[in-house]
Amino acid sequence: MSEPIEILSQHPPGGRCTLYARYAEEISSCLGLAMRVVHTDCRDAHGEGFPSLRVKGVALLPGDGVILSPEDICAGLAGAGLDLSAAPDLASRLEAILERFLEEVE
């Protein structure tokens, strides 16, 4: 088994921490990867603190500099050498999670 998908989150989780945990649950389910939540007080978005989603120890970076999109995540997973062919609909599943999240915060 490869390294787990990690979510660096504050406790209790805020908005992006919650979103990234939902993303990670879906990735874990679709690709059969372990998932681990690491609670931290360090605020360092998309780095060594919260909110961050890390694959193989590397934080995924949002294209817009603010929030990870499904495209950012799929590109990061592929860049980390993960085979996404087992979950061809992963991007659309992640998009549905993002849309629900955005509806909740409006």
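Placed above this text is the structure.
Nothing here was measured: the structure is a model prediction, and the numbers come from that model.

Rules and cut-offs
- Residues numbered from 1 in each chain as written.
- Predicted model: local features only at pLDDT ≥ 70, side-chain atom pairs only at ≥ 80, totals over all residues.
- Heavy atoms only, no water.
- Axes fitted to C-alpha atoms, helices over the stretch in contact; angles between N-to-C directions.
- Helix = DSSP H or I, 4+ residues; strand = E, 2+ residues; numbered from the N terminus.
- Parallel < 35°, antiparallel > 145°, perpendicular 65-115°, else oblique.
- Left-handed = near helix turned anticlockwise from the far one by under 90°.
- Contact = heavy atoms within 4.5 Å.
- Nonpolar A, V, L, I, M, F, W, Y, C, P; charged D, E, K, R; others polar.
- Pairing = 2+ DSSP bridges.
- Buried < 20%, exposed > 50% of the residue type's maximum accessible area, 1.4 Å probe, protein only.

### Brief notes about the packing of helix α1 (residues 15-31) against helix α2 (residues 70-79)
Right, so step 1: At a closest axis distance of 12 Å, the pairing of α1 and α2 adopts a crossing angle of 45 degrees. Relative to α2, α1 is oriented oblique. Classified by chirality, the crossing of α2 by α1 is right-handed. Between α1, through Tyr-23, Ile-27 and Leu-31, and α2, the contact on the second element is made entirely by Pro-70, Ile-73 and Leu-77.
Right, so step 2: A per-class count over the contact of α1 with α2 returns six nonpolar, no polar and no charged.

### Topic: the side chain of Asp-72
Right, so step 1: Tracing the chain through its elements places Asp-72 in helix α2.
Right, so step 2: Once you skip the residues sitting within four places of it in the chain, Asp-72 turns out to touch Leu-61, Pro-62, Gly-63 and Ile-67.

### Structural notes on the sheet that holds strand β4 (residues 58-59)
Right, so step 1: Spatial ordering of the open sheet is given by β2-β1-β3-β4, a layout of four strands whose pairing is mixed. The two strands at the open ends of the sheet, each matched to only one other strand, are β2 (35-39) and β4.
Right, so step 2: Bridging between strand β1 (residues 5-9) and strand β3 (residues 52-55) involves four bridges; their strand directions are antiparallel. Each residue of the ladder has a partner; that of Ile-7, found in β3, is Leu-53.
Right, so step 3: Here α1 sits on the sheet and contacts β1, β2 and β3; the angle it forms with β1, its principal contact strand, is near 170 degrees.

### Remarks on the pairing of β2
Right, so step 1: Strand direction decides the pairing type here: β1 and β2, joined by five bridges, are parallel. Bridge assignment links Leu-8 to a residue of β2, and that residue is Val-38.

### Focus on the pairing of β3
Regular strands place side chains that alternate from one sheet face to the opposite one.
Right, so step 1: Residue alternation in β3 divides its side chains into two sets, Ser-52 and Arg-54 and Leu-53 and Val-55, and both sets are buried.
Right, so step 2: Inspection of the sheet shows β3 paired to β4 by two bridges, in the antiparallel sense. In the sheet register, Val-55 faces β4, and the bridge partner there is Val-58.
Right, so step 3: Joining the antiparallel neighbours β3 and β4 is a turn of two residues, in which Lys-56 adopts a positive phi near 50 degrees.

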